[in-house]
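Single-letter residue listing:
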Amino acid sequence: MRTFDYTRADNVDAVLRVNPSPETKFVAGGTTLIDLMKLNVETPSRLVDINPLPLTNIEKTSDGALRIGAMVRNSDLAHDAQVQQQYAVLSQALLSGASPQLRNMATTGGNLLQRTRCYYFRDTAYPCNKRKPGSGCPAIGGFNRIHAILGGSEDCIATNPSDMAVAMMALEATVHIRGATGERSVPLIEFYFVPGSTPNRETVVGPGDLITYVTLPPLPNGARSYYLKRRDRSSYEFALASAAVVAVVQGGRMQHVRVAMGGVGTKPWRSKEAEQALEGRQASDANFRAAADAALRDAKPQRYNGFKVELAKRTLTRALQTLTQNA
Ligand code: SF4
């Protein structure tokens with residue numbers, strides 16, 4: 001591990017006074033960054049510890065949204081009564097991720113920024129366009145069982161590993177960021193980039209930017225939500241395919257349908273195709289399967305991950321069946 005300078009910041013203004021540089025990293029729970037520093041994948045020259053920041057509240061806003069501080073730990077968010085009652089999909093997604101110890105440390109802001117689990121990215125013996133642009137992508141043509149089938153490019157097919165972000169995508173979250181140019185609010189659907197020819201650019205967060213909180217808009221009356229995750233083992237494992245679904249079911253028909261998928265895309269994958277296939281339609285197995293087919297229509301499997309296409313379809317179909325049970 002490379003040596004680095006370490007400082008602590010106890011207020012947001014102090015963080016924003018830090019000289020913005022790709023060499024400076026903010027550390028909160030450290031559940032991604034410290035691992036990657038040990039592997040020499042991340043080699044910052046300066047770490048700013050933001051754990052003292054007072055961004056730990058979960059509160060209702062005057063317009064009925066839920067405002068979640070960036071430093072709220074994943075376990076606190078998962079067990080918050082408002083989240084469990086009104087945004088069950090988020091609690092379920094959080095509890096399906098990592099381990100209790102990691103959830104006690106990992107933060108809301110950090111979870112949004114977690115890096116891919118691509119084995120080649122995490123091993124500096126291999127080239128990787130995400131680590132070093134232009135060096136190559138050994139996953140394409142190599143062993144790519146866990147890689148993306150949606151949103152990939154000729155330069156990168158790495159999946160985004162977050163469960164929380166998939167649920168937040170279906171909940172139409174907004175990320176609030178402070179930086180040198182002031183404060184801005186970015187809908188989560190615009191927060192992540194697909195890799196294209198610049199897989200090193202993953203989100204709209206730049207050097208010196210700090211995520212301060214995330215807001216979830218209120219759901220319509222009667223909305224239900226559900227998260228289903230499929231993986232190689234039942235805990236402490238990343239998704240091979242997951243689905244976050246939100247809908248209101250009235251008279252057997254689905255309205256306000258929101259669908260996002262994990263484990264299959266280069267970013268948390270909102271499927272407007274599936275939503276359009278379901279909106280206003282009867283909640284039926286045939287319509288669920290048609291929506292799943294629509295969601296995966298553009299899938300481009302690699303040599304070792306072709307199974308993900310059918311797995312993702314079945315995951316979404318089963319999630320919709322569970323969501324609409326007894327409606
Ligand atoms: Fe690197 Fe992306 Fe290729 Fe993995 S898939 S080796 S992260 S460029």
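Up top you'll find the structure we're talking about.
Attention in this report is confined to the structure presented alongside it. The written sequence of each chain sets the order in which its residues are numbered from 1. For this predicted model, a pLDDT threshold of at least 70 governs which residues receive local features, and a threshold of 80 or more governs which side-chain atom pairs are given and counted, while totals over whole chains, interfaces and linings are taken from all residues. Heavy atoms throughout the structure, all of them, feed into the side-chain values; hydrogens and water do not.

### As for the overall build of the protein
Heads up, the condition is: A helix here means a DSSP run of H or I that spans at least four residues, while a strand means a run of E at least two residues long, and both kinds are numbered starting from the N terminus. C-alpha atoms define the radius of gyration, and 2.2 Å times the number of residues to the power 0.38 defines the globule rule. Only protein chains enter the calculation, and the probe is 1.4 Å; a residue is then buried if its accessible area is under 20% of its type maximum, exposed if over 50%, and partly exposed in between. Areas reported as accessible are Shrake-Rupley estimates using a 1.4 Å probe. Residue values count occlusion only from the protein chains shown. Working convention for charge: Lys and Arg count positive, Asp and Glu count negative, and His plus the chain ends are omitted. For the purpose of locating charges, the reference atoms are NZ of Lys, CZ of Arg, CG of Asp and CD of Glu.
Each helix and strand counted, the protein has 11 helices and 12 strands in total. By the compact-globule yardstick of 20 Å for 327 residues, the protein fits well, its C-alpha radius of gyration being 19 Å. Projected onto the principal axes, the alpha-carbon positions of the protein cover approximately 60 × 50 × 35 Å. A burial count over the protein gives 50% of its 327 residues as buried. Of the roughly 14600 Å² of accessible surface on the protein, 46% is carried by carbon and sulfur atoms. With 39 positive and 29 negative side-chain charges, the protein shows a separation of 4 Å between the mean positions of the two kinds.

### Focus: the packing of aromatic side chains
As a reminder, the rule being used: Note on aromatic pairs: the rings of Phe, Tyr and Trp (six-membered ring only in Trp) are paired at centre separations within 6.5 Å, and the planes decide the class, stacked below 30 degrees, edge-to-face beyond 60, tilted for the rest. Think of it as a cone above the ring: NZ of Lys or CZ of Arg counts as a charge over the ring if it is within 6 Å of the ring centre and within 35 degrees of the ring normal.
Scanning all chains against the criterion turns up five aromatic pairs. With centroids separated by 5.0 Å and ring planes inclined at 80°, the aromatic side chains of Tyr-120 and Tyr-126 adopt a geometry described as edge-to-face. Looking at Tyr-126, the relative accessible area reads 39%, which means it is partly exposed. Here the aromatic rings of Phe-191 and Tyr-192 are separated by 4.9 Å at their centres, their planes lie at 80°, and the arrangement is edge-to-face. Through pairs of rings, three or more aromatic residues link up here, namely Tyr-119, Tyr-120, Tyr-126, Phe-143 and Tyr-304. The side chain of Arg-67 reaches across the aromatic face of Tyr-213, ending 3.8 Å from its centre.

### Examining the sheet that holds strand 1 (residues 5–8)
The condition is simple: What makes two strands pair is DSSP finding at least two bridges between them. Here, axes are lines fitted to C-alpha atoms. For helices the fit covers the stretch in contact, and angles between N-to-C directions go from 0 to 180 degrees.
What the three strands build is an open sheet, ordered 1-3-2; its pairing is parallel. Both edges of this open sheet fall to strand 1 and strand 2 (24–27), since each of them pairs with a single strand only. With direction set aside, neighbouring strand axes in the sheet form an average angle of 25°. By the bridge criterion, four bridges tie strand 2 to strand 3 (residues 46–49) in an arrangement that is parallel. By the bridge assignment for strand 3, Thr-24 is matched with Arg-46.

### Quick word on the sheet that holds strand 5 (residues 66–69)
Read from one edge to the other, the open sheet built from five strands follows the order 4-5-8-6-7, with strand pairing classed as antiparallel. Each edge of the sheet is formed by a strand with only one pairing partner; in this case those strands are strand 4 (58–60) and strand 7 (182–187). Going across the sheet, the axis of each strand differs from the next one's by a mean of 25°, ignoring polarity. Across three bridges, strand 4 lies against strand 5 in antiparallel orientation. Bridge pairing in strand 5 places Ile-58 opposite Ile-68.

### With respect to the site of the ligand
Put simply, the rule reads: Being near a molecule or strand, for a residue, comes down to having at least one heavy atom within 4 Å of it. Note on definitions: the grid is 1 Å and covers protein atoms alone; a cavity is a set of points where a 1.4 Å probe fits but cannot get out; a pocket is an open set with protein on both sides within 12 Å along at least five of seven lines; lining residues have an atom within 4 Å of a point. To decide whether a molecule occupies a pocket or cavity, check its atoms: if more than half lie within 2 Å of the grid points, it is inside. Polar here means any residue outside two lists: the nonpolar Ala, Val, Leu, Ile, Met, Phe, Trp, Tyr, Cys and Pro, and the charged Asp, Glu, Lys and Arg; Gly therefore counts as polar.
Neighbouring the ligand are 14 residues, the closest being Cys-118, Cys-128, Cys-137, Asp-155 and Cys-156. With respect to the detected pockets, the ligand is housed in the second largest cavity. Classifying every residue of the shell around the ligand gives 10 nonpolar, two polar and two charged.

### Let's talk about the pairing of strand 6 (residues 174–179)
Two strands pair when backbone bridges link them, and strand 6 and strand 7 are joined in this way by six bridges, in the antiparallel orientation. Bridging across to strand 7, Gly-179 finds its partner in Gly-182. Counting the residues in the hairpin turn of strand 6 and strand 7 gives two residues. Across five bridges, strand 6 lies against strand 8 (residues 210–216) in antiparallel orientation. Across the sheet, residue Val-175 finds its bridge partner in strand 8, namely Val-214.

### Some details on the pattern of salt bridges
Quick note on the threshold: For salt bridges, the criterion is a side-chain nitrogen of Lys or Arg within 4 Å of an Asp or Glu carboxyl oxygen.
Under the criterion given, the structure shown has 19 salt bridges. The salt bridge partner of Arg-115 is Glu-42, with a shortest N-O separation of 2.8 Å. Of this pair, Arg-115 sits in the loop between helix 7 (108–112) and helix 8 (164–170) while Glu-42 sits in the loop between helix 2 (33–38) and strand 3, placing them 73 residues apart in sequence. Under the relative-accessibility criterion, Arg-115 is labelled buried at 18%. One salt-bridge network, in which partners are shared between bridges, spans Lys-25, Glu-42, Arg-115, Lys-130 and Glu-202.

### Side note on the pairing of strand 3
Convention followed: Place the viewer so that the strands point away; then a crossover is right-handed whenever the path from the first strand over the helix to the second strand goes clockwise.
Pairing analysis gives four bridges linking strand 1 to strand 3, with the strands arranged parallel. Looking across to strand 3, one finds that Thr-7 is bridged to Val-48. A crossover links strand 2 with its parallel partner strand 3, the connecting element being helix 2, and its sense is right-handed.

### Some points on the nonpolar core
For the record, the criterion: Put simply, a nonpolar core is a bunch of buried Ala, Val, Leu, Ile, Met, Phe, Trp, Tyr and Cys residues held in one set by side-chain atoms that sit within 4.5 Å of each other. The split of the chain into domains comes from an automatic or database domain assignment.
Ranked by size, the top nonpolar core spans 47 residues in total, and within it Leu-77, Leu-90, Leu-112 and Met-168 carry the most contacts. Within the residue set of this core, elements represented by two or more residues are helix 1 (12–16), strand 5, helix 3 (74–79), helix 5 (88–95), helix 8, strand 6, strand 8 and strand 10 (241–250). Among the elements that take part in this core, helix 8 stands out by supplying seven residues, more than any other. Built from parts of two domains, this core gets at least three residues from each of domain 1 (5–49) and domain 2 (224–324).

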